[in-house]
Amino acid sequence: MPAVLGNIIVIVALAAVVILAVRSLWRSHKSGGSCNGDCGNCHGCH
């Protein structure tokens, strides 16, 4: 039973990391932080 509990904890932790990463990407996209291929308008290009 402890092995199953350990697996559940790992799965929940990984799911939380994925959710936080997707949320960060979504917020960045909504605020215009993503590059669309037009380097004249992209603030990330040098």
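### Topic: the overall build of the chain
Within the chain one finds one helix and zero strands. Buried residues in the chain amount to 2% of all 46 residues. Accessible surface, the chain as shown: approximately 4,300 Å² in total, 69% of it carbon and sulfur.

### Focus on a nonpolar patch on the surface
Taken together, M1, V4, I8 and V12 make up a surface patch of nonpolar side chains, about 440 Å² in accessible area. Inspection of the secondary structure assignment puts M1 in the segment before α1 (2-30).

About the criteria used
Residue positions are counted from 1 within each chain, in the order its sequence is given. The predicted origin of the model limits local features to residues at a pLDDT of at least 70 and limits the giving and counting of side-chain atom pairs to 80 or more, whereas totals for whole chains, interfaces and linings rest on all residues. Working from all heavy atoms in the structure, the side-chain values ignore hydrogens and water. What counts as a helix is a DSSP run of H or I of at least four residues, what counts as a strand is a run of E of at least two, and both are numbered from the N terminus. A 1.4 Å probe rolled over the protein chains alone gives each residue an accessible area, and that area as a share of the maximum for its type sets the label: buried under 20%, exposed over 50%, partly exposed in between. Method for areas: the Shrake-Rupley scheme with a 1.4 Å probe, in which residue coverage is limited to the protein chains shown. Patch definition: residues with relative accessible area over 30% and no salt bridge; like charges joined within 9 Å; nonpolar side chains (Val, Leu, Ile, Met, Phe, Trp, Tyr) joined within 5 Å. A pairing counts as a salt bridge when a side-chain nitrogen of Lys or Arg comes within 4 Å of a carboxyl oxygen of Asp or Glu.

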